[in-house]
Amino acid sequence: MESWLAPACVSLIIYGLWGFFPKLAVTYINPVSALIYQVAGAMLVGLATLFWVGFQPETHPKGILFAVLTGVSGVLGTLFFFAAASRGKISVVVSMTALYPIITILLAAVFLREPVTAKQILGMLCAVAAIVLLTG
């Protein structure tokens, strides 16, 4: 078995839960409150990981900047995800927001000069078509 496969499968399951739990949360509390509690949960995991792995921070200005931007992007994305979950069907909201790899692929092509294949373009078009069908 490939070394990446088991953690990827666990990640898939956890992300599935991550997409489902917000709908339950915003049924009882508003999206901003849900975000604050979600961040608290993330901090608990972060602290547990900190102690578990004996964290020794590496420092590089660009690495720190991009890591912080990752956190900002994730939390802001989650805030808007919660807002969408509170207003729409979670099956459609999760499917729509799961198209984020299209943004990643386009950014990687433009800024990192990673090649985009015809198969990837076809995959992105199929993903967009799927959202059109789900929301139609």
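A. Layout of the confidence of the model for the protein. The predicted model of the protein averages 92 in pLDDT, with 100% of residues at 70 or higher. Mean pLDDT values over the elements of the protein span from 89, in helix 4 (residues 90–97), up to 94, in helix 3 (residues 61–87).

B. Looking closely at helix 5 (residues 100–111). Its 12 residues give helix 5 an end-to-end C-alpha distance of 17 Å, which sits within 8% of 16 Å, the value for a rise of 1.5 Å per residue. R113, located one to two residues past helix 5, shows a positive phi value of around 55°.

C. Seen up close, helix 2 (residues 31–53). Here helix 2 contains 23 residues, and its C-alpha end-to-end distance of 32 Å stays within 8% of the 33 Å for a straight helix at 1.5 Å per residue. Tucked inside the fold, the buried residues of helix 2 contact helix 1 (5–28) and helix 3. For helix 2, the side-chain oxygen to backbone nitrogen distance between the N-cap and V32 is 3.1 Å, and the N-cap itself is N30. Following helix 2 by one or two positions, G54 adopts a phi angle in the positive range, close to 60°.

D. Geometry of the packing of helix 1 against helix 3. Between helix 1 and helix 3, the least distance of the axes is 9 Å, while the angle of their chain directions is 60°. The orientation of helix 1 with respect to helix 3, classified from their angle, is oblique. Two packed elements cross with a definite hand, and for helix 1 against helix 3 that hand is right-handed. Here W18, G19, P22, K23 and V26 of helix 1 lie close against helix 3, whose contacting residues are T78, F81, F82, A85 and S86. Counted by class, the contact of helix 1 with helix 3 contains six nonpolar, three polar and one charged residues.

Reading the values: the criteria
Residues numbered from 1 in each chain as written. Predicted model: local features only at pLDDT ≥ 70, side-chain atom pairs only at ≥ 80, totals over all residues. Heavy atoms only, no water. pLDDT = per-residue confidence, 0-100. Helix = DSSP H or I, 4+ residues; strand = E, 2+ residues; numbered from the N terminus. Expected span 1.5 Å × (residues − 1). Contact = heavy atoms within 4.5 Å. Polar contact = N/O pair within 3.5 Å; in protein donor to acceptor, adjacent residues only side chain to side chain. Axes fitted to C-alpha atoms, helices over the stretch in contact; angles between N-to-C directions. Parallel < 35°, antiparallel > 145°, perpendicular 65-115°, else oblique. Left-handed = near helix turned anticlockwise from the far one by under 90°. Nonpolar A, V, L, I, M, F, W, Y, C, P; charged D, E, K, R; others polar.

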